Amino acid sequence: MHPMLNIAVRAARVAGNIIAKGFENQTDLLTEAKGDNDFVTRIDKEAEQAIIHKIKQSFPEHNFVGEEGGIVEGSDKDFKWVIDPLDGTTNFIKGIPHFCVSIALLHKGRLDQAVVFDPIRGELFTASKGAGAQLNGFRIRASKAKELSQTILATAFPFKDKESLETYQQGFNKIFMQAGDIRRSGSAALDLAYVAAGRYDGYWERGIKPWDIAAGELLVRESGGLVTDFAGGNDPMHKGEIVAGSAKVVQNLVKHLK
(Lines give C-alpha, C1' and ligand atoms only; values in the text may rest on other atoms or scores of the structure.)
Protein backbone atom coordinates (compact mmCIF):
# COMPACT_ATOMS: atom_id res chain seq x y z
CA MET A 1 0.00 0.00 0.00
CA HIS A 2 1.26 3.49 -0.84
CA PRO A 3 2.56 5.20 2.35
CA MET A 4 0.18 8.15 2.00
CA LEU A 5 -2.76 5.84 1.33
CA ASN A 6 -1.81 3.87 4.43
CA ILE A 7 -2.02 7.03 6.54
CA ALA A 8 -5.37 7.93 4.94
CA VAL A 9 -6.72 4.48 5.82
CA ARG A 10 -5.63 4.89 9.43
CA ALA A 11 -7.29 8.33 9.57
CA ALA A 12 -10.51 6.94 8.05
CA ARG A 13 -10.63 4.14 10.62
CA VAL A 14 -10.15 6.59 13.51
CA ALA A 15 -13.00 8.72 12.15
CA GLY A 16 -15.07 5.59 11.55
CA ASN A 17 -14.78 4.63 15.21
CA ILE A 18 -16.02 8.07 16.25
CA ILE A 19 -18.94 7.81 13.83
CA ALA A 20 -19.89 4.26 14.86
CA LYS A 21 -19.96 5.23 18.54
CA GLY A 22 -22.04 8.31 17.73
CA PHE A 23 -24.46 6.19 15.72
CA GLU A 24 -25.02 3.98 18.75
CA ASN A 25 -25.77 7.00 20.96
CA GLN A 26 -28.16 9.23 19.04
CA THR A 27 -29.06 11.32 22.09
CA ASP A 28 -25.95 13.53 22.01
CA LEU A 29 -25.50 14.52 18.36
CA LEU A 30 -25.93 18.32 18.79
CA THR A 31 -27.36 18.74 15.30
CA GLU A 32 -27.18 22.14 13.59
CA ALA A 33 -28.64 23.37 10.30
CA LYS A 34 -26.05 24.73 7.85
CA GLY A 35 -28.73 25.60 5.32
CA ASP A 36 -31.98 24.27 3.88
CA ASN A 37 -31.99 20.48 4.33
CA ASP A 38 -28.28 20.60 5.14
CA PHE A 39 -27.16 19.47 8.59
CA VAL A 40 -24.00 19.02 10.63
CA THR A 41 -23.52 17.19 13.93
CA ARG A 42 -20.90 17.14 16.65
CA ILE A 43 -19.76 13.84 15.17
CA ASP A 44 -19.04 15.39 11.75
CA LYS A 45 -16.79 17.97 13.38
CA GLU A 46 -15.01 15.53 15.69
CA ALA A 47 -14.41 13.07 12.85
CA GLU A 48 -12.91 15.76 10.61
CA GLN A 49 -10.63 17.02 13.38
CA ALA A 50 -9.49 13.44 14.04
CA ILE A 51 -8.70 12.87 10.35
CA ILE A 52 -6.65 16.06 10.04
CA HIS A 53 -4.82 15.38 13.30
CA LYS A 54 -3.92 11.84 12.21
CA ILE A 55 -2.65 12.90 8.80
CA LYS A 56 -0.74 15.88 10.21
CA GLN A 57 1.22 13.55 12.48
CA SER A 58 2.90 12.19 9.34
CA PHE A 59 2.53 15.12 6.95
CA PRO A 60 2.39 18.37 8.95
CA GLU A 61 3.25 20.47 5.88
CA HIS A 62 0.26 19.33 3.79
CA ASN A 63 -2.89 21.35 3.01
CA PHE A 64 -6.46 20.37 3.87
CA VAL A 65 -9.94 21.27 2.71
CA GLY A 66 -12.82 19.76 4.67
CA GLU A 67 -16.58 20.05 4.51
CA GLU A 68 -16.83 21.31 8.08
CA GLY A 69 -13.51 23.03 8.83
CA GLY A 70 -12.81 24.67 5.50
CA ILE A 71 -9.22 25.24 4.37
CA VAL A 72 -6.18 24.48 6.53
CA GLU A 73 -3.07 25.92 4.89
CA GLY A 74 0.26 24.09 4.89
CA SER A 75 3.70 24.95 3.60
CA ASP A 76 3.80 22.26 0.87
CA LYS A 77 1.35 23.46 -1.80
CA ASP A 78 1.77 20.29 -3.89
CA PHE A 79 -0.34 18.16 -1.53
CA LYS A 80 -3.98 18.80 -0.61
CA TRP A 81 -6.27 16.46 1.31
CA VAL A 82 -9.99 16.73 0.48
CA ILE A 83 -12.13 15.41 3.33
CA ASP A 84 -15.78 14.63 3.94
CA PRO A 85 -15.74 13.20 7.47
CA LEU A 86 -19.33 11.96 7.31
CA ASP A 87 -20.92 11.73 3.88
CA GLY A 88 -24.58 10.94 4.44
CA THR A 89 -25.15 13.02 7.58
CA THR A 90 -28.93 13.04 7.16
CA ASN A 91 -28.95 9.22 7.01
CA PHE A 92 -26.77 9.21 10.14
CA ILE A 93 -29.11 11.56 12.02
CA LYS A 94 -32.19 9.53 11.08
CA GLY A 95 -30.60 6.23 12.09
CA ILE A 96 -30.26 4.94 8.50
CA PRO A 97 -27.02 2.90 8.41
CA HIS A 98 -25.72 4.20 5.08
CA PHE A 99 -22.92 6.77 5.35
CA CYS A 100 -19.15 6.88 5.12
CA VAL A 101 -15.83 8.67 5.57
CA SER A 102 -14.33 10.06 2.36
CA ILE A 103 -10.67 11.11 2.09
CA ALA A 104 -8.80 12.02 -1.10
CA LEU A 105 -5.30 13.34 -1.73
CA LEU A 106 -4.50 15.65 -4.61
CA HIS A 107 -0.88 15.94 -5.76
CA LYS A 108 -0.27 19.04 -7.87
CA GLY A 109 -4.01 19.29 -8.48
CA ARG A 110 -4.51 15.70 -9.59
CA LEU A 111 -6.20 12.92 -7.67
CA ASP A 112 -3.56 10.59 -6.27
CA GLN A 113 -4.99 8.59 -3.34
CA ALA A 114 -8.53 7.79 -2.20
CA VAL A 115 -10.32 6.15 0.72
CA VAL A 116 -14.04 5.63 1.26
CA PHE A 117 -14.82 3.79 4.50
CA ASP A 118 -18.23 2.51 5.56
CA PRO A 119 -17.86 1.99 9.33
CA ILE A 120 -21.15 0.12 9.72
CA ARG A 121 -20.45 -2.56 7.09
CA GLY A 122 -16.68 -2.48 7.63
CA GLU A 123 -16.13 -1.90 3.92
CA LEU A 124 -12.91 -0.09 2.98
CA PHE A 125 -12.64 1.13 -0.61
CA THR A 126 -9.16 2.34 -1.60
CA ALA A 127 -7.36 3.51 -4.73
CA SER A 128 -3.92 4.80 -5.72
CA LYS A 129 -3.37 6.50 -9.05
CA GLY A 130 -2.19 3.94 -11.57
CA ALA A 131 -2.51 1.02 -9.15
CA GLY A 132 -6.20 0.10 -9.36
CA ALA A 133 -8.99 0.11 -6.78
CA GLN A 134 -9.69 -2.33 -3.96
CA LEU A 135 -12.43 -3.28 -1.52
CA ASN A 136 -10.99 -4.68 1.71
CA GLY A 137 -7.78 -5.47 -0.15
CA PHE A 138 -9.38 -7.25 -3.13
CA ARG A 139 -9.36 -5.76 -6.62
CA ILE A 140 -12.65 -4.30 -7.82
CA ARG A 141 -13.78 -3.42 -11.32
CA ALA A 142 -16.56 -1.23 -12.63
CA SER A 143 -19.46 -2.62 -14.61
CA LYS A 144 -19.07 -3.17 -18.35
CA ALA A 145 -22.76 -2.54 -19.07
CA LYS A 146 -23.44 -1.14 -22.54
CA GLU A 147 -27.18 -0.52 -22.70
CA LEU A 148 -29.17 1.46 -20.12
CA SER A 149 -31.83 -1.25 -20.18
CA GLN A 150 -29.35 -3.55 -18.40
CA THR A 151 -28.47 -1.10 -15.64
CA ILE A 152 -29.11 -0.25 -12.04
CA LEU A 153 -28.23 3.43 -11.72
CA ALA A 154 -27.88 5.84 -8.80
CA THR A 155 -28.58 9.55 -8.53
CA ALA A 156 -29.59 12.25 -6.05
CA PHE A 157 -32.39 14.79 -6.05
CA PRO A 158 -31.62 18.54 -5.90
CA PHE A 159 -32.86 18.84 -2.31
CA LYS A 160 -30.72 21.92 -1.60
CA ASP A 161 -31.91 23.67 -4.76
CA LYS A 162 -35.50 22.64 -5.28
CA GLU A 163 -36.01 25.40 -7.84
CA SER A 164 -33.97 23.31 -10.27
CA LEU A 165 -36.22 20.25 -9.90
CA GLU A 166 -37.95 20.76 -13.24
CA THR A 167 -34.64 20.78 -15.12
CA TYR A 168 -33.46 17.75 -13.17
CA GLN A 169 -36.66 15.85 -13.92
CA GLN A 170 -36.29 16.32 -17.66
CA GLY A 171 -33.08 14.31 -17.66
CA PHE A 172 -34.30 11.89 -14.99
CA ASN A 173 -37.45 11.03 -16.90
CA LYS A 174 -35.54 10.21 -20.08
CA ILE A 175 -33.03 8.07 -18.20
CA PHE A 176 -35.66 6.32 -16.07
CA MET A 177 -37.64 5.22 -19.13
CA GLN A 178 -34.54 3.44 -20.48
CA ALA A 179 -32.81 2.19 -17.31
CA GLY A 180 -33.46 -1.08 -15.50
CA ASP A 181 -33.97 0.82 -12.22
CA ILE A 182 -32.65 3.81 -10.28
CA ARG A 183 -31.56 4.16 -6.64
CA ARG A 184 -31.15 7.23 -4.40
CA SER A 185 -29.11 6.41 -1.29
CA GLY A 186 -28.13 9.74 0.29
CA SER A 187 -24.33 9.35 0.08
CA ALA A 188 -22.50 10.45 -3.06
CA ALA A 189 -19.21 8.93 -1.91
CA LEU A 190 -20.77 5.51 -1.39
CA ASP A 191 -22.65 5.77 -4.69
CA LEU A 192 -19.32 6.25 -6.47
CA ALA A 193 -17.67 3.46 -4.45
CA TYR A 194 -20.52 1.17 -5.49
CA VAL A 195 -19.99 2.14 -9.14
CA ALA A 196 -16.30 1.26 -8.72
CA ALA A 197 -17.29 -2.12 -7.27
CA GLY A 198 -19.76 -2.84 -10.08
CA ARG A 199 -22.77 -2.73 -7.74
CA TYR A 200 -24.19 0.23 -9.65
CA ASP A 201 -23.69 0.53 -13.39
CA GLY A 202 -23.75 4.31 -13.37
CA TYR A 203 -24.34 7.44 -11.31
CA TRP A 204 -25.05 11.11 -11.91
CA GLU A 205 -25.55 14.15 -9.69
CA ARG A 206 -25.45 17.94 -9.93
CA GLY A 207 -24.83 20.55 -7.21
CA ILE A 208 -22.10 18.68 -5.37
CA LYS A 209 -18.89 19.79 -3.68
CA PRO A 210 -15.34 18.49 -4.24
CA TRP A 211 -15.31 16.63 -0.91
CA ASP A 212 -18.45 14.72 -1.95
CA ILE A 213 -16.84 13.13 -4.99
CA ALA A 214 -13.03 13.47 -4.89
CA ALA A 215 -12.28 10.03 -3.45
CA GLY A 216 -15.09 8.37 -5.38
CA GLU A 217 -13.91 9.81 -8.67
CA LEU A 218 -10.49 8.17 -8.31
CA LEU A 219 -12.09 4.89 -7.20
CA VAL A 220 -14.18 4.77 -10.37
CA ARG A 221 -11.30 5.72 -12.67
CA GLU A 222 -8.97 3.15 -11.10
CA SER A 223 -11.63 0.42 -11.37
CA GLY A 224 -11.83 0.95 -15.13
CA GLY A 225 -14.83 3.27 -15.17
CA LEU A 226 -15.28 6.65 -16.82
CA VAL A 227 -15.99 9.93 -15.01
CA THR A 228 -17.15 13.15 -16.68
CA ASP A 229 -19.26 16.24 -16.04
CA PHE A 230 -22.72 16.62 -17.61
CA ALA A 231 -21.21 17.91 -20.85
CA GLY A 232 -18.83 14.97 -21.14
CA GLY A 233 -15.83 17.00 -19.96
CA ASN A 234 -13.20 15.77 -17.52
CA ASP A 235 -13.50 18.32 -14.68
CA PRO A 236 -16.42 17.21 -12.47
CA MET A 237 -14.99 18.56 -9.19
CA HIS A 238 -14.83 22.13 -10.44
CA LYS A 239 -18.11 21.89 -12.38
CA GLY A 240 -19.98 20.57 -9.34
CA GLU A 241 -21.57 17.80 -11.39
CA ILE A 242 -20.60 14.23 -12.17
CA VAL A 243 -21.47 11.28 -14.37
CA ALA A 244 -19.75 7.96 -13.67
CA GLY A 245 -19.94 4.38 -14.91
CA SER A 246 -18.86 2.28 -17.86
CA ALA A 247 -17.91 4.21 -20.98
CA LYS A 248 -21.12 3.27 -22.82
CA VAL A 249 -23.35 4.05 -19.83
CA VAL A 250 -21.71 7.43 -19.29
CA GLN A 251 -22.08 8.22 -22.98
CA ASN A 252 -25.81 7.42 -22.83
CA LEU A 253 -26.34 9.38 -19.60
CA VAL A 254 -24.54 12.47 -20.91
CA LYS A 255 -26.74 12.37 -24.02
CA HIS A 256 -29.80 12.87 -21.77
CA LEU A 257 -28.20 15.37 -19.38
CA LYS A 258 -26.68 17.93 -21.78
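Look up: the structure comes first, before these words.
Residues numbered from 1 in each chain as written. Predicted model: local features only at pLDDT ≥ 70, side-chain atom pairs only at ≥ 80, totals over all residues. Heavy atoms only, no water.

Asker: Would you mind going over the packing of aromatic side chains with me for this structure?
Answerer: Aromatic ring pairs: the centre-centre distance and the angle between the two ring planes describe each pair. Under the definition given, this model contains 10 aromatic pairs. Relative to phenylalanine 92, the ring of phenylalanine 23 lies with its centre 5.9 Å away and its plane at 35°, an arrangement referred to as tilted. In this pair, phenylalanine 23 sits in helix H1 (residues 3-24) while phenylalanine 92 sits in helix H3 (residues 89-94), placing the two residues 69 residues apart along the sequence. When sorted by exposure, phenylalanine 23 lands in the same class as phenylalanine 92, which is buried. With 5.3 Å between their ring centres and 85° between their planes, phenylalanine 92 and phenylalanine 99 make a pair best called edge-to-face. Each member of the pair, phenylalanine 92 as well as phenylalanine 99, carries the same accessibility label: buried. The structure contains a cluster of three or more aromatic residues connected by ring pairs, namely Phe157, Tyr168, Phe172, Phe176 and Trp204. (Phe/Tyr/Trp six-rings, centres within 6.5 Å; stacked < 30°, edge-to-face > 60°. Helix = DSSP H or I, 4+ residues; strand = E, 2+ residues; numbered from the N terminus. Buried < 20%, exposed > 50% of the residue type's maximum accessible area, 1.4 Å probe, protein only.)

Asker: What's the story with helix H5 (residues 188-196) in this structure? I'm lost.
Answerer: Helical geometry: 3.6 residues make up each α-helical turn, so side chains three or four residues apart lie on a common side. Among the 9 residues that make up H5, 9 are buried, leaving the element largely enclosed by the rest of the structure. When H5 is considered as a whole, its buried residues turn out to be Ala188, Ala189, Leu190, Asp191, Leu192, Ala193, Tyr194, Val195 and Ala196. Of the residues one or two after H5, glycine 198 is the one with positive phi, at around 80°.

Asker: Help me understand the pattern of salt bridges in this model?
Answerer: Once their charged atoms are close, side chains differing in charge can pair, the charge on each being opposite to the other. According to the stated counting rule, one finds 8 salt bridges in the structure shown. Between glutamate 241 and arginine 206 there is a salt bridge, with its nearest N and O atoms 3.3 Å apart. Highlighted residues: glutamate 241 in strand S15 (residues 241-245) and arginine 206 in strand S13 (residues 202-206), separated in sequence by 35 residues. Between lysine 239 and aspartate 229 there is a salt bridge, with the nearest N and O atoms lying 3.1 Å from each other. With lysine 239 in helix H7 (residues 236-239) and aspartate 229 in the loop between strand S14 (226-228) and H7, this pair connects stretches of sequence that are 10 residues apart. Residue classification places lysine 239 among the partly exposed positions, given a relative accessible area of 48%. (Salt bridge = Lys/Arg side-chain N within 4 Å of Asp/Glu carboxyl O.)

Asker: Help me understand the sheet that holds strand S4 (residues 70-72), please; the structure alone is not making it clear to me.
Answerer: Adjacent strands of a sheet pair through backbone hydrogen bonds, lying either parallel or antiparallel. With mixed pairing, the 8 strands of this open sheet are ordered in space as S4-S3-S5-S6-S7-S8-S9-S10. If you trace the sheet from one side to the other, it starts and ends with S4 and strand S10 (138-139), each paired once. Looking at chain direction, strand S3 (residues 63-66) and strand S5 (residues 79-87) are connected through 4 bridges and run parallel. Paired with valine 65 across the two strands is valine 82, which belongs to S5. Lying over the sheet, helix H6 (residues 210-222) contacts S3, S5, strand S6 (100-107), strand S7 (110-118), strand S8 (123-128), strand S9 (133-135) and S10, oriented at roughly 100° with respect to S7. (Pairing = 2+ DSSP bridges. Contact = heavy atoms within 4.5 Å. Axes fitted to C-alpha atoms, helices over the stretch in contact; angles between N-to-C directions.)

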